[in-house]
Amino acid sequence: MTKQTTRREMLKESIALAGLGVLGLPEWAFPVLAQEQTLVPFTDLPETLTLERTPDRRIIDIRTINGVFTPSDQFFTTQHYGHPEIDTATYRLRVSGLVDRPLALSLADLQAMPSRELVFGFECSGNRGPVNGLSSNGLWQGVPLRAVLERAGVQPEAREFVLFGADHGEEEVEFRGRTYPVDQNYGRSLQRDEALSDEPLLAYSLNNEPLTTHQGRPLRLLVPGWYGAPNVKWLSEIHVQEDQYLGKYQARWYRTLRGEMVNGEMKWKETAITKMRLKSFIARVTTDGSRHNVFGVVLNDGTPIRSVEVRVDDGPWQPATLDPETASEKYGWKFFNYTWDNATPGEHTVTSRATDANGDVQPTAEELGVKQTFLEHNAQVPRTLIIS
Ligand SMILES: Nc1nc2c(c(=O)[nH]1)N[C@H]1C(S)=C(S)[C@@H](COP(=O)(O)O)O[C@H]1N2
Ligand SMILES: [Mo]
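Thresholds, definitions, all that
Residues numbered from 1 in each chain as written. Chains lettered and ligands numbered in written order. Predicted model: local features only at pLDDT ≥ 70, side-chain atom pairs only at ≥ 80, totals over all residues. Heavy atoms only, no water. Pairing = 2+ DSSP bridges. Helix = DSSP H or I, 4+ residues; strand = E, 2+ residues; numbered from the N terminus. Buried < 20%, exposed > 50% of the residue type's maximum accessible area, 1.4 Å probe, protein only. Arc of directions from axis to C-beta. Core = buried A, V, L, I, M, F, W, Y, C linked by side-chain atoms within 4.5 Å. Contact = heavy atoms within 4.5 Å.

**Student:** Would you explain the pairing of strand 2 (residues 93–97) in this entry?
**Tutor:** Consecutive side chains of a regular strand alternate in pointing toward one face of the sheet and then the other. Where strand 2 lies against strand 3 (residues 103–105), three bridges are found, and the strand directions are antiparallel. When the sheet's bridge partners are listed, R94 is paired in strand 3 with A104. Remark: five residues form the turn of the hairpin made by strand 2 and strand 3, two consecutive strands paired antiparallel. Sheet topology note: the strand 2/strand 11 (residues 235–241) ladder contains four bridges and is parallel. What sits directly across from S96, in strand 11, is H239.

**Student:** Could you clarify how one ought to interpret the environment of P55 in this entry?
**Tutor:** With respect to the helices, strands and loops of the structure, P55 is situated in the loop between strand 1 (38–39) and strand 2. The exposure class of P55 is exposed, given its relative accessible area of 69%. Note: C-alpha distance between P55 and T321 (266 residues apart in sequence) is 37 Å.

**Student:** Even after reading the chapter, I still don't get helix 3 (residues 145–152), so can you show me in this structure?
**Tutor:** Each full turn of the α-helix corresponds to 3.6 residues, which orients residues three or four apart in the same direction. For helix 3, the complete set of buried residues consists of L145, V148, L149 and A152. One side of helix 3 holds all its buried residues, which, seen down the axis, span an arc of 95°. Just beyond helix 3, the residue with positive phi is G153, at close to 75°.

**Student:** Whenever I open this one, the nonpolar core confuses me. Can you help?
**Tutor:** Generally speaking, soluble globular proteins have nonpolar side chains that are buried together. Counting 68 residues, the largest nonpolar core has L93, W140, V148, L202 and I238 as the members making the most contacts within it. Top element by residues in this core is strand 8 (residues 201–206). It accounts for five residues. Discounting residues that sit within four places of it in the chain, L93 has contacts with L103, A104, L105, L110, V148, L202, L219, L235, S236, E237 and I238. Within the second largest apolar cluster, 22 residues are counted, among which are L45, V294, A320 and I387.

**Student:** Please clarify how the sheet that holds strand 20 (residues 346–356) should be interpreted in this entry.
**Tutor:** For sheets, the rule is that strands pair by backbone hydrogen bonds, running either parallel or antiparallel. If you walk across this open sheet you meet the four strands as 17-16-20-21, and the pairing is antiparallel. Of all strands in the sheet, those with a lone pairing partner are strand 17 (318–319) and strand 21 (383–387), marking the two edges. Here strand 20 pairs with strand 21 via five bridges, running antiparallel. Counted as the bridge partner of E347 is I386 from strand 21.

Laid out in structure tokens, this is it:
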């Protein structure tokens, strides 16, 4: 079997899935799968990616995306301290600090509260091209964070809401040239208006099944439209306080250093990782022998997408078609397709860029130049392939 037929078999399998609608796949999103299609290999990606770096980490191969929702056992996954052991039967979510009624809620307590569904696709802030494998899209279910906080009764002076995972490890806290070893939990914080908005969700289910250990069983935070780091897995405690929380993964590890011209002078800003920056990437190019189809994904902070465009080599930007079904989900992955007619034999570059309703345009790598640190890398990814 040649490489090509192996890939075709793979795509045929996804056609079968599409026909059954197993994943709620809108036919429209994958018109390319309607006929015999061949995958055109990218020359900027290896034939196979090492999907599992360690058992508790996983990336996706974007060329194999075949449904709206990433299956739970393929969902990208990563964390800092490995997986903690949690007995779901004795699990309690504690709420402490500046609240009228400290809480210790079991999973059953949480599941008895009014629940909500959320379609949310997010990426790790370190995700970038050409692989872009640290991103996935899921259908989540859980309890709004605000409902739990209201049950506890948030006091007026509360300003900072710290969410701790059950996972922990040794860290060396640096202070003026000295280091202090401490054992600490993964912790992230939200400010009062963020925590009490109706957006953050305490999720216990992914794709209609209980969360897997990888995804934070039994409970995790999701902040729709934000990067992965704030989505605290194995959530064990919410501590409400007045002071800003300056833990390592809040204040130091996840930050961006970016230069900005203010009144003609370069000002260097260090900012926390919060909302996802507008990004699109081409996931797959297929052909039926005459026309080529370019398929890709857009993700951002929930701002409506105005357009996605594709360019071939140095040609003009051409409009791609946004899949209306996925585009209607505010925080989900959005799919696009572009029909590439009259592709000439030889090596080509295909690039996509997204523009949102505020007029923000996905930057080129050069336009990202004043960003020093590698997180939030949302640049356009020029993709190379050979048309035979
Ligand atoms: N408790 C805990 N939650 C965590 C982390 C962690 O190390 N510990 N890592 C964060 C980071 S950096 C990312 S990108 C996402 C990954 O979520 P996933 O494994 O469900 O894809 O989890 C976030 N939540
Ligand atoms: Mo991350």
